[in-house]
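Notes for the structure review
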Amino acid sequence: MVKPDGVQRALVGEVIRRFESKGFILVGLKMMQVSRELAEKHYEVHKERPFFGSLVEFIISAPVVAMVWEGDGVVSAARKIIGATNPLSAEPGTIRGDYGVNIGRNLIHGSDALETAAREISLWFSNDELANWEPTIKPWLYE
């Protein structure tokens, strides 16, 4: 997901470009204003932490662009493309390393495991919002 700061800074296309260039397949995409209820469900793992309220307030402050990507090793590769949570620690060449300002404005969210991804996809997308397609380039990417 491109968070509100990434949307406000017009970095959505750059994020999509990086994932497409890696060879991942975009199967879900939507721009939306996040409801408080959805934000609280998304961040419920942090509910007892002192920063929970600020996470929720930030994610509902402006539109986000939610995405679903497929491909071999997509979760681990995405984490590398995204970079460390704190942009000041993120490697150059990562999204957060190149564009992030601080930990509270780190541009993008990515699932940290397949189980987390499944949970988050079900929160953000209905089944009919996900495309089931086979790109013609797939044989050139995967054996």
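Everything quoted here is computed from the prediction, not taken from an experiment. (Residues numbered from 1 in each chain as written. Predicted model: local features only at pLDDT ≥ 70, side-chain atom pairs only at ≥ 80, totals over all residues. Heavy atoms only, no water.)

Across its full length, the protein chain carries eight helices and two strands. Shown N-terminal to C-terminal, the secondary structure of the protein chain runs as helices and strands in the order α-α-β-α-α-β-α-α-α-α. Rg of the C-alpha trace for the protein chain: 15 Å, near the compact-globule value of 15 Å for 143 residues, within the 12% margin. Principal-axis analysis of the C-alpha atoms places the extent of the protein chain at approximately 45 × 35 × 25 Å. The 143 residues of the protein chain split such that 44% are buried. Contacts in the protein chain between residues far apart in sequence, at least 24 positions, make up 73% of those at least 6 positions apart. As presented, the protein chain carries roughly 8,400 Å² of accessible surface, and 54% of it is formed by carbon and sulfur atoms. Taking the average location of the 16 positive side-chain charges in the protein chain and that of its 19 negative ones, the two points are 5 Å from each other. (Helix = DSSP H or I, 4+ residues; strand = E, 2+ residues; numbered from the N terminus. Rg over C-alpha atoms; globule rule 2.2 N^0.38 Å. Buried < 20%, exposed > 50% of the residue type's maximum accessible area, 1.4 Å probe, protein only. Contact = heavy atoms within 4.5 Å. Areas by Shrake-Rupley, 256 points an atom, 1.4 Å probe, with all protein chains shown as cover. Lys, Arg positive; Asp, Glu negative; His and termini not counted. Charge placed at Lys NZ, Arg CZ, Asp CG, Glu CD.)

Glancing now at the layout of surface pockets. In this model, the largest pocket occupies a volume close to 640 Å³. Within the residue set of the lining of the largest pocket, elements represented by two or more residues are α4 (52-59) and α7 (114-124). The residue makeup of the lining of the largest pocket, split by class, is seven nonpolar, ten polar and eight charged. Forming the walls of the second largest pocket are 28 residues, and the residues nearest its centre are Met67, Val68, Trp69, Ser111 and Ile121. Put simply, the parts of the chain that give the lining of the second largest pocket at least two residues each are β2 (64-70), α5 (74-82) and α7. Ranked by the residues each element gives to the lining of the second largest pocket, the list is headed by α7, at six residues. Across the lining of the second largest pocket, the residue classes break down as 21 nonpolar, five polar and two charged. (1 Å grid on protein atoms, 1.4 Å probe; cavity = no way out; pocket = protein on both sides within 12 Å on 5 of 7 lines; lining within 4 Å. Points joined across faces, edges and corners; volume = space filled by probe spheres on them. Nonpolar A, V, L, I, M, F, W, Y, C, P; charged D, E, K, R; others polar.)

Here Ile82 is to be found in helix α5. The spacing of Ile82 and Ile108 is 26 residues in sequence and 7.2 Å in space, taken between C-alpha atoms. Discounting residues that sit within four places of it in the chain, Ile82 has contacts with Phe19, Thr94, Ile95, Arg96, Ile108, His109 and Gly110.

Within the span of α5, buried status applies to Val74, Val75, Ala77, Ala78, Ile81 and Ile82. Along the axis of α5, the buried positions cluster into a sector of 165°, meaning they face one direction only. Of the surrounding elements, those touching the buried residues of α5 are α2 (12-22), β2, α6 (95-99) and α7. Two residues or fewer after α5 comes Gly83, characterised by a positive phi angle close to 95°. (Arc of directions from axis to C-beta.)

Even without being a glycine, Ala10 presents a positive backbone phi close to 60°. In this fold, Ala10 is placed in the loop between α1 (4-8) and α2. Taking the relative accessible area as the measure of exposure, Ala10 reaches 64% and is therefore exposed.

What follows covers the packing of aromatic side chains. Across all of its chains, the model carries two aromatic pairs by this definition. Between the aromatic rings of Phe19 and Phe24, the centroid separation amounts to 6.5 Å while the plane-to-plane angle is 45°, which identifies the pairing as tilted. With centroids separated by 5.3 Å and ring planes inclined at 25°, the aromatic side chains of Phe19 and Trp69 adopt a geometry described as stacked. Placement of Phe19 in helix α2 and of Trp69 in strand β2 is noted, with a sequence separation of 50 residues between them. For the pair shown, Phe19 and Trp69 are each scored as buried. The ring of Phe125 carries Lys30 above its face, with NZ or CZ at 4.9 Å from the centroid. (Phe/Tyr/Trp six-rings, centres within 6.5 Å; stacked < 30°, edge-to-face > 60°. Lys NZ or Arg CZ within 6 Å of the ring centre and 35° of its normal.)

These figures capture arrangement, not role.
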